[in-house]
Amino acid sequence: KTYSSKTTSHAMSHMFRVHGKGKEGPISRPQTVLQQQRAAAYNVVSTFDFAKFKSLLLRWIVCTNVSFSEVEHEQFRELLIYCNAVLGDLLPRSHNTIRDWVMKEFQAQRARVQGILAAYSGQVHLSFDMWTSTNSLALLGIVGHWIDGGAVQTALFGMKRLRGAHTGENMAEAVVSVIEEYSLQSKFGYFMLDNAPTNDVCVRHLCEKLQVDSTVK
């Protein structure tokens, strides 16, 4: 098609509408609302990282003491699916699945820490204390502390349930099981505890079981 040489506006308009070109070369056409919605939906689905979502979900459940059955509540499911429709097929429908996920994650993290400590030649110090859960279980939290690369490292080694009386003897059994679990028999250094009488009894029993000097210095 030809245009009058007196003006270039018609020619430029034709190049833009028909060929998608301007003075500087090819230009992108503005997307319609429908095209923008389709592109946004594609980006949400294609960039969704289920492994990351799973990790964040478990961290939220564990750190905030949320019931595993939360994923069974319809209102909670509707909220997440509204945020991302792809979760409709991925979100667990049973608390048993969440329990399995938590246990597998614990086992993976325990193996990771065990690997780190197996290659570590320094001392690992332990602190522990009793705690009662919201469902009235007596738990002994056991934490490890060590130096790596000049920085203090800390990890929760175990949450052992105590059955029966909360005696120093029972506590010592739980601590020894963790020491053996992480192969710390020749690496443990100091026990850091509060001044509860049961802790004194616990340390004496630990020293006997591990055959170390229990003399107070």
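For the structure, see preceding data.
Residues numbered from 1 in each chain as written. Predicted model: local features only at pLDDT ≥ 70, side-chain atom pairs only at ≥ 80, totals over all residues. Heavy atoms only, no water.

A. Focus on the packing of helix α3 (residues 50-63) against helix α6 (residues 95-118). Direction vectors running N to C along α3 and α6 enclose 95°, while the axes themselves pass 11 Å from each other. Compared by their axis directions, α3 and α6 come out roughly perpendicular. Packed against α3, whose contacting residues are F50, K54, L57, L58, I61 and V62, the element α6 presents I98, W101, V102 and E105 at the interface. (Axes fitted to C-alpha atoms, helices over the stretch in contact; angles between N-to-C directions. Helix = DSSP H or I, 4+ residues; strand = E, 2+ residues; numbered from the N terminus. Parallel < 35°, antiparallel > 145°, perpendicular 65-115°, else oblique. Contact = heavy atoms within 4.5 Å.)

B. Geometry of the sheet that holds strand β4 (residues 138-148). Spatially, β5-β4-β3-β6 is the arrangement adopted by the four strands of the open sheet, whose pairing is mixed. Edge positions in the open sheet fall to β5 (151-161) and β6 (188-192), since each of these has one partner strand only. Between one strand axis and the next, the sheet turns through 25° on average, direction left out of account. The sheet contact formed by β4 and β5 spans ten bridges and is antiparallel. (Pairing = 2+ DSSP bridges.)

C. Structural view of the packing of aromatic side chains. Overall, the coordinates contain eight aromatic pairs when judged by the stated rule. Their ring planes at 45° and their centres at 5.9 Å tell us that F48 and F53 sit as a pair that is tilted. We classify F48 as partly exposed; its relative accessible area is 23%. Judged by centre distance (6.2 Å) and plane angle (25°), the ring pair of W146 and F157 falls under stacked. Placement of the pair is W146 in strand β4 and F157 in strand β5, with a sequence separation of eleven residues. A relative accessible area of 5% means that W146 is categorised as buried. Grouped by ring-pair contacts, the aromatic residues F48, F50, F53 and W101 constitute a single cluster. (Phe/Tyr/Trp six-rings, centres within 6.5 Å; stacked < 30°, edge-to-face > 60°. Buried < 20%, exposed > 50% of the residue type's maximum accessible area, 1.4 Å probe, protein only.)

D. Local environment of the nonpolar core. L117, F128, L140, W146, F157, V175 and L184 are the most contacted members of the largest nonpolar core, which has 26 residues in total. Those elements that place two or more of their residues in this core are α6, β3 (124-132), β4, β5, α7 (168-181) and α8 (197-210). A total of seven residues in this core trace back to one element, the largest contributor, which is α7. In this view, L117 contacts V124, W146, F157, Y182, L184 and K187; residues no more than four positions away in its chain are not counted. (Core = buried A, V, L, I, M, F, W, Y, C linked by side-chain atoms within 4.5 Å.)

E. Expanded view of the state of the cysteines. With the rule as written, the count across this model stands at zero disulfides. C207 provides the cysteine sulfur closest to C202, a residue in no disulfide bond, and the two sulfurs are 9.4 Å apart. (Disulfide = S-S within 2.5 Å.)

F. Spatial organisation of the pairing of β4. Burial within β4 is extensive, with eight of its eleven residues counted as buried. By the bridge criterion, eight bridges tie β3 to β4 in an arrangement that is antiparallel. Residue pairing in the sheet places M130 in a bridge with L140 of β4. Between the antiparallel neighbours β3 and β4 lie five residues, among them S136 with a positive phi of about 65°. Here β4 hands over to β5 after two residues, with G149 in that stretch at a positive phi of 65°.

G. Layout of the pattern of salt bridges. Under the criterion given, the structure shown has three salt bridges. Here E173 and K209 are joined by a salt bridge, their closest N and O atoms 2.7 Å apart. Here the residue E173 occupies a position in helix α7, and K209 occupies one in helix α8, the gap between them amounting to 36 residues. In the salt-bridge network here, residues are joined through shared partners; they are R110, K160 and E181. (Salt bridge = Lys/Arg side-chain N within 4 Å of Asp/Glu carboxyl O.)

Geometry only, nothing functional implied.
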